[in-house]
Amino acid sequence: MVLNEAAVAGGQDNEVLLLIFAWCARCGRQERVLTVRQAAALCAVSPRTIHRWAADGKIHAVRMSEGALLVCYRSLIC
Ligand SMILES: [Zn+2]
């Protein structure tokens, strides 16, 4: 995973939709990614559902080096 950490504005996992870009292997390009909480809020589902979608391959999951999961914005199905 190649992460563009310079693009992380603020770096806090809060409710604000921060613009974070990371390499999505399934898109094959740098894509805007959301935290699980942001994706859950956007889709009006629980974070657990986001994790399940990621495990099922329904959305593109980008695993950060710290273990945090990010979701490829393009792959969101809501
Ligand atoms: Zn993607």
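Anyway, here's the lowdown on the structure attached to this text.

Scoring rules and cut-offs
Residues numbered from 1 in each chain as written. Predicted model: local features only at pLDDT ≥ 70, side-chain atom pairs only at ≥ 80, totals over all residues. Pairing = 2+ DSSP bridges. Helix = DSSP H or I, 4+ residues; strand = E, 2+ residues; numbered from the N terminus. Axes fitted to C-alpha atoms, helices over the stretch in contact; angles between N-to-C directions. Contact = placed C-beta atoms within 7 Å. Core = buried A, V, L, I, M, F, W, Y, C linked by C-beta atoms within 7 Å. Buried ≥ 20, exposed ≤ 12 C-beta atoms within 10 Å, placed from the backbone.

### As for the sheet that holds strand E2 (residues 29–35)
Thinking step 1. Taken together, the four strands give an open sheet; going across it, the order is E1-E2-E4-E3, and neighbouring strands pair in antiparallel fashion. A single partner strand is all that each edge strand has here, and the edge strands are strand E1 (20–24) and strand E3 (61–63). With strand direction ignored, the average angle separating the axes of adjacent strands in the sheet is 50°.
Thinking step 2. Most of the contacts of helix H1 (residues 36–43) go to E2, to which it runs at about 80°, and overall it touches E2 and strand E4 (69–72).

### Comments concerning the nonpolar core
Thinking step 1. One finds Val33, Ile50, Val62, Leu70, Val71 and Cys72 to be the most contacted residues of the largest nonpolar core, which totals 18 residues.
Thinking step 2. Elements with a minimum of two residues in this core: E1, E2, H1, helix H2 (47–56), E3 and E4.
Thinking step 3. In contact with Val33, not counting residues within four places along its chain, are Ile20, Phe21, Ala22, Val62, Leu70, Val71, Cys72 and Tyr73.

By themselves, these observations are geometric and do not establish any function.
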